[in-house]
Amino acid sequence: MTVILEAERIRVHYDRLVAVGGVDLRLEAGQLMGLIGPNGAGKTSLFRALCGLQPLAAGRVRVLGAELTPFNRGVMRAIGFAPDTPPVYETLSVEQFLEGIGRAYGLPRNTIEERIDFWLDQLWLSEKRTAKVGALSRGMRQRLTIARTLLPDPAFILLDEPSAGLDPAGRVQFRQLLTSLREQGKALIVSSHILADLHEYCSHIGIIEAGRLRQFGTVAEVVLGHAADWTRYRLTLARPMPEIAVLLPEIEGARNVRVDGRVVLFEYADDPDKAAALLADLVRRGFPVASFSALELNLEEAYLRAGIRQVD
Amino acid sequence: MESSGALSNPLGWVQAQLQGGWRRALTIGGVYFLGAGAALMIIYRALPHDAPPRGVSPQAFARGVLLVLLILQAAILVLVGASSVRRAVQRDLTGGMIDSHRLTPMTGWSAVVGYLSGPNIVLLPLTVANWLLSIAVSLFGEFPPLAWTAGLAVILCLALPISAMSLLAGLSSKRPTNVAAILLVLGLTGGTALLFLVPGLGLLLGFFSTWSMLRNVTGTVTFDATILFSLAGQLVLAGIFCVAAARRFVREDVQAFPWPLALMLLAFVAVFGGSGLRVWPEYEGQFIDWDRAEFGVSIQWIATWTVTSLFALFPIAAAAQDSARWERRAALDEALAGRRPTHYALVLVLAATVAIGIMTLSAGDATPLMMKDARTAFLSLVFVLLALLTGGAVLRFVYGLRERVGWIVTLWVVLTWALPPLIDMIRAVYADESGPTQPSWLMGCSPAGAWVLIWYFPHITVLPGLIVQTALALATCGGLAVLRRRKIVRPAT
């Protein structure tokens, strides 16, 4: 697979504040990384560093093998960044705004026209083509920013809180768009507080706290934990039996047992044979098992389990 | 999709659209041309046309109109042009669009051309309208039409560096800095004295030659060597500031003036400083009350030398900042810190050589005789070197502590360059002396003050000043070396 992004030990400092403290990242074509973390964790600083806007205190970023430096302007063709607060020229029309972007990338005139048509259509903005940017709603501006980012067809795309202003239909459409971009071989990093969405379309997840990547891996790896050798089970008894709260933790490999009436939640090996053996053991010990199933874990649980603290 | 028109620069195109595009610009130009033309005709018809002195002849009318048009054109290109550039950059900086531009592969040069052209789209039709009016009025007054056009060329060359400075100032700070307005206020509040104190400044601004050109907008134009030198200088200065602005455009932390460019600026200042001294005798007679007695060549030499020495701090500061930044990066991650930059001490030597050497060479025959006296020349050079040595150490020290050092360096320059002469002047005012007051050795504690003593008051000793400045240089250089060895000057993390 083509390596699109390589970031080595990048650091961003604001005077004495360390916003990003030694982050390593590597993304290949077709990978989509969801970046999650509390406010002030360094997500935006990391984004700005990865697209060359933010000076690095240390480290190196390469995009498609080319080092990202202020004077290496050519590499900027490969990068698209949509910030969380989209900057726009309020007095230009949507079409003029996008034409200006296309010109800045040196695209031929007919290509600019074709791409404006395409992206306005894709992002449901065709009817707003001649409207002033200042007259657009927040959600429409968000979509315009996405159009601006994708117009030059970059290989590496950074989207900071892209779905924040989108309505439910827009979010569904946006998920489809991201999936399509992945399929086209782009590498993407998307930050969002809507973890259910990220779980759905991301291939990788990074959890950032205080400028450091606390976790990074495939969605499955992050959701299940680093070892990915355990999962969560739900056991329902025919009637409440409080003694199970004592017994289960004594069984090797079982942990985090929570009993709530007839329902028992616990973590155990992610191995069907071991799970079957445990079930048989419980039945043999006389517990009236009504149902037993492995639960599908989600990002929200993984995030909470990571114990990320909110930054004041 | 609107036609691209003549403005193919991407940023220029966007900025032009923000001004309403060509259609609006041409409408404004057309309305102005018709309105101004009609107004001139009405005014001329309303004036008495009897024989002089009561009546106004076509020649007198045309002469007055051409001068007014030229002043108006200067205001349009210099004041309005530079302000438009500044406003455009400020809007992009405060609105965040600068990041959007920086994300594109657009080069710094392309951005500079865009910022200088796009926001001024309306000025082009206005300038063309004034030019057409000037030709019509010149023909009406039976004057050569090219005189006004030559004046326009002179104004255009002056407007370019001022707009480039406005652009750089706009890109360097979110606080609005109106370079043209600052220059105007300086000029109106006695700043023109600087043109005589530092003749190189007058030469650069084309003041000496333009002075006669403005008085002769109806005559035959001759571009003498001095005005051509001025115009070339203005274009070079515009080029230097455009390079700096292009660098600053690509990212806010990039040095606008890295040490080689700052050294080039210093060489430029030295060339014009020296050349100004050389051409001054040709022009001093033009200006009533400004004669050699008032601004003698020695004081002009000292003033020019002071300005050049202060400019010599720019390349040293750039090298010191570069060095401090590299050490910060290396302290965090030596493997990825990149190549070690040129040592600031080497740049210091280069800056001193360029400042003194080029200025003296450019001054040529205008170099005062006293400078050919070995003791005077030696002492003058020693004070320059001590000032630069102290400056280099201070700059390296403060850049090691923090990135933004503007006010610290300003404070240091005021304390070491301006304060000793100021204290000495106050002392002289309150001294109970009969006869004219004399400076004391205290003045020699400042580099500029020391030069005044060496050149004007050779009977007053500069030894205390020399000791103070040597001690200061040794203390700052030695202190810096000790602090760096003890790693007290370390990166902020």
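Residues numbered from 1 in each chain as written. Chains lettered and ligands numbered in written order. Predicted model: local features only at pLDDT ≥ 70, side-chain atom pairs only at ≥ 80, totals over all residues. Heavy atoms only, no water.

Asks: What should I look at first to understand the overall build of chain A in this one?
Replies: Within chain A, the secondary structure is distributed over 10 helices and 14 strands. Put simply, chain A has 312 residues, and 55% of those count as buried. When contacts within chain A are restricted to residue pairs at least 6 apart in sequence, long-range pairs at least 24 apart make up 69% of them. If you sum the accessible surface of chain A, you get close to 13,900 Å²; carbon and sulfur atoms cover 49% of it. Within chain A, one finds 37 positive and 38 negative side-chain charges whose respective centroids are separated by 4 Å. (Helix = DSSP H or I, 4+ residues; strand = E, 2+ residues; numbered from the N terminus. Buried < 20%, exposed > 50% of the residue type's maximum accessible area, 1.4 Å probe, protein only. Contact = heavy atoms within 4.5 Å. Areas by Shrake-Rupley, 256 points an atom, 1.4 Å probe, with all protein chains shown as cover. Lys, Arg positive; Asp, Glu negative; His and termini not counted. Charge placed at Lys NZ, Arg CZ, Asp CG, Glu CD.)

Asks: I'm lost on the environment of A:Leu279 in this one. Help?
Replies: Looking at where A:Leu279 falls in the secondary structure, it is placed in helix α9 (residues 272–284). In contact with A:Leu279, not counting residues within four places along its chain, are A:Val289 and A:Phe292.

Asks: I keep staring at the sheet that holds strand β11 (residues 230–237) of chain A and nothing clicks. Help me out?
Replies: Hydrogen bonding along the main chain pairs the strands of a sheet, whether they run parallel or antiparallel. Residues and elements named next belong to chain A. Here four strands make up an open sheet; going across it, the order is β12-β13-β11-β14 and the pairing antiparallel. The open sheet has two edge strands, β12 (255–260) and β14 (289–295), and neither has a second partner. Looking at each pair of strands side by side, their axes are set apart by 20° on average, direction ignored. Both β11 and β14 contribute to a ladder of six bridges, which runs antiparallel. In the sheet register, Leu235 faces β14, and the bridge partner there is Phe292. Each of β11, β13 (263–269) and β14 is contacted by α9, which is oriented at about 140° to β13, the strand it contacts most. (Pairing = 2+ DSSP bridges. Axes fitted to C-alpha atoms, helices over the stretch in contact; angles between N-to-C directions.)

Asks: Whenever I open this one, the interface of chain B and chain A confuses me. Can you help?
Replies: Accessible area lost during the coming together of the parts is what is often quoted as the interface size. If you look at the interface, chain B gives 38 residues, while chain A gives 43 residues. Taken together, the connections running from chain B to chain A amount to two salt bridges. Residues A:Arg9 and B:Asp333 are paired through a salt bridge, measuring 2.6 Å at the closest nitrogen-oxygen approach. Remark: the boundary between chain B and chain A carries 11 residue pairs in polar contact (both at pLDDT 80 or more). Broken down by secondary-structure element, the contributors of at least two residues to the side of chain B that touches chain A are α1 (10–18), α3 (58–95), α4 (97–102), α12 (225–250) and α14 (297–332) of chain B. (Salt bridge = Lys/Arg side-chain N within 4 Å of Asp/Glu carboxyl O. Polar contact = N/O pair within 3.5 Å; in protein donor to acceptor, adjacent residues only side chain to side chain.)

Asks: Got a minute to help me understand the confidence of the model for chain B in this structure?
Replies: Should the pLDDT be low somewhere, the predicted coordinates at that spot are not to be read in detail. Residues and elements named next belong to chain B. On average, residues of chain B score 85 in pLDDT, and 88% of them are at 70 or above. Mean pLDDT across the elements of chain B bottoms out in helix α11 (residues 207–214) (63) and peaks in helix α5 (residues 108–117) (96). The low-confidence segment residues 2–6, where pLDDT is below 50, has 10 contacts with residues more than four positions distant or belonging to other chains. (pLDDT = per-residue confidence, 0-100.)

Asks: Honestly, the packing of aromatic side chains in this entry has me stumped. Any pointers?
Replies: Aromatic ring pairs: the centre-centre distance and the angle between the two ring planes describe each pair. Applying the stated criterion across every chain yields a total of 19 aromatic pairs over all chains. On the numbers, 6.1 Å between centres and 35° between planes, the contact of A:Phe47 with A:Phe81 is tilted. Note that A:Phe47 is positioned in helix α1 (residues 43–50) and A:Phe81 in strand β6 (residues 79–82), a separation of 34 residues in sequence. Both residues of the pair, A:Phe47 and A:Phe81, belong to the buried class. On the basis of an interplanar angle of 25° and a centroid distance of 5.8 Å, the ring pair of A:Tyr233 and A:Phe266 is categorised as stacked. One end of the pair, A:Tyr233, is in strand β11; the other, A:Phe266, is in strand β13, and 33 residues separate them in sequence. By the burial criterion, A:Tyr233 is buried, and A:Phe266 matches it. Joined through ring pairs, the aromatic side chains of B:Trp301, B:Trp305, B:Trp417, B:Trp451 and B:Trp455 make up one cluster. (Phe/Tyr/Trp six-rings, centres within 6.5 Å; stacked < 30°, edge-to-face > 60°.)

Asks: Help me understand helix α5 (residues 168–183) of chain A in this model?
Replies: Residues that lie three or four places apart on an α-helix share one face, since the helix turns once every 3.6 residues. Residues and elements named next belong to chain A. The end-to-end C-alpha distance of α5, which contains 16 residues, comes to 23 Å, matching closely the 22 Å that a straight helix rising 1.5 Å per residue would cover. What α5 keeps buried is the set Gly170, Gln173, Phe174, Arg175, Leu177, Leu178 and Leu181. The elements touched by buried residues of α5 are β3 (32–36), α3 (109–122), α4 (138–150), β7 (156–160), β8 (187–191) and α6 (195–201). (Expected span 1.5 Å × (residues − 1).)

Asks: So what exactly am I meant to see when it comes to the environment of A:Phe174 here?
Replies: All names here are of chain A. Take Phe174: it is sitting in helix α5. For the pair Phe174 and Ile146, spaced 28 residues apart in the sequence, the C-alpha separation amounts to 9.7 Å. The contact partners of Phe174, leaving out residues within four places of it in the chain, are Ile146, Leu159, Pro162, Ser163, Leu166 and Tyr201.

Asks: Sorry if this is basic, but what is going on with the nonpolar core here?
Replies: When a protein is soluble and globular, its nonpolar side chains tend to lie buried together. All names here are of chain B. In terms of nonpolar packing, the biggest core is built from 57 residues, with Trp305, Leu388, Leu395 and Trp451 touching the most fellow members. At the level of elements, α13 (259–283), α14, α15 (344–363), α16 (374–401), α17 (406–430), α18 (447–456) and α19 (463–485) are the ones that each hand at least two residues to this core. When near neighbours in sequence (up to four residues on either side) are disregarded, Leu388 contacts Ser309, Ala312, Leu313, Ile316, Leu348 and Ala352. (Core = buried A, V, L, I, M, F, W, Y, C linked by side-chain atoms within 4.5 Å.)

Asks: Teacher, can you tell me more about unusual backbone geometry here?
Replies: All names here are of chain A. One non-glycine residue, Asp153, adopts positive backbone phi at about 60°. Relative to the helices and strands, Asp153 resides in the loop between α4 and β7. Here Ala210, not a glycine, exhibits a phi torsion of approximately 50°, which is positive. Inspection of the secondary structure puts Ala210 in the loop between β9 (204–209) and β10 (212–218). Residue Ala210 is classed as exposed on the basis of its relative accessible area of 56%.

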